Amino acid sequence: DTAVSQTPKYLVTQMGNDKSIKCEQNLGHDTMYWYKQDSKKFLKIMFSYNNKELIINETVPNRFSPKSPDKAHLNLHINSLELGDSAVYFCASSQHPPLAGGPYEQYFGPGTRLTVT
Amino acid sequence: GQQVMQIPQYQHVQEGEDFTTYCNSSTTLSNIQWYKQRPGGHPVFLIQLVKSGEVKKQKRLTFQFGEAKKNSSLHITATQTTDVGTYFCAADNAGKSTFGDGTTLTVKP
């Protein structure tokens, strides 16, 4: 069974389009994340949700809007796509949000490779 | 915000040589985690260190957390071709997790 799944795996689209990426976890975790990994492999957190509540919102253009319909799902909608949005987007989940001294290893999905042309 | 510096960015070794990647922070960390990402894959959790001066081993991998909880290292003894990938540290401080820029290891057979 896949613990954290994402769809689609690949997404090729033109500038200006709107697209969504979906993520689901079957681990019973309370916290989910979206990360962006650029061509240099730098991994940057974008958003984090705990029990459907937004707890981390990094400096991300407001064209990116996460939505968590329930704690097992975290989707990412991107409006007006730009060339610079091309990257691999990873969804992840952890049992708890980062807490001092507490275990919260993150389980990553397989990633969605977004290419904007 | 908190920054975690990870060095080196790249490391090329001959199979059988050792490898070390270092993670440094200017602030005291609550804990630190290490992840491995194989080429074309996704980050996979390796270990979490919590205590000052903690040392943990997983077969040929040795993880250390500094006494001041501001730095950590991952050492691989006698690398194998299966060790190739990018190794990330992830540091937690006051409830926020930040990933280092990663060290990409290539191993020449």
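Residues numbered from 1 in each chain as written. Chains lettered and ligands numbered in written order. Predicted model: local features only at pLDDT ≥ 70, side-chain atom pairs only at ≥ 80, totals over all residues. Heavy atoms only, no water.

Chemist: Pulling in residues and values, what's your account of the overall build of chain A?
Modeler: The helix and strand inventory of chain A stands at 0 helices and 11 strands. Ordered by position from N to C terminus, the α and β elements of chain A give β-β-β-β-β-β-β-β-β-β-β. Taken against the 2.2 N^0.38 rule, which gives 13 Å for 117 residues, the C-alpha radius of gyration of chain A at 14 Å falls within 12% of a compact globule. Viewed in the frame of its principal axes, chain A has a C-alpha envelope of about 40 × 30 × 30 Å. When the 117 residues of chain A are sorted by exposure, 44% land in the buried category. The long-range fraction of contacts in chain A, counting pairs at least 24 apart against all pairs at least 6 apart in sequence, stands at 57%. Summed over all atoms, the accessible surface of chain A reaches about 5,800 Å², with 49% contributed by carbon and sulfur. Separation of charge centres in chain A, based on 12 positive and 11 negative side chains, amounts to 7 Å. (Helix = DSSP H or I, 4+ residues; strand = E, 2+ residues; numbered from the N terminus. Rg over C-alpha atoms; globule rule 2.2 N^0.38 Å. Buried < 20%, exposed > 50% of the residue type's maximum accessible area, 1.4 Å probe, protein only. Contact = heavy atoms within 4.5 Å. Areas by Shrake-Rupley, 256 points an atom, 1.4 Å probe, with all protein chains shown as cover. Lys, Arg positive; Asp, Glu negative; His and termini not counted. Charge placed at Lys NZ, Arg CZ, Asp CG, Glu CD.)

Chemist: A description of the environment of L49 of chain B should follow, citing residues and the corresponding values.
Modeler: Residue and element names in this part refer to chain B. Counting through the fold element by element, L49 comes out in strand β5 (residues 44-49). Sequence spacing of L49 and G66 is 17 residues, and the spatial spacing of their C-alpha atoms is 9.8 Å. With near-sequence residues (within four places) excluded, L49 lies in contact with N31, I32, W34, E54, K56, F63, Q64, F65 and S72.

Chemist: Before we move on, could you go through the sheet that holds strand β7 (residues 61-65) of chain B and cite the residues and values that matter?
Modeler: Residues and elements named next belong to chain B. Strand order in this open sheet of 5 strands is β1-β3-β8-β7-β6, and the pairing throughout is antiparallel. Edge positions in the open sheet fall to β1 (4-7) and β6 (55-58), since each of these has one partner strand only. With direction set aside, neighbouring strand axes in the sheet form an average angle of 15°. Pairing of β7 with strand β8 (residues 71-76) involves 5 bridges; the strand directions are antiparallel. (Pairing = 2+ DSSP bridges. Axes fitted to C-alpha atoms, helices over the stretch in contact; angles between N-to-C directions.)

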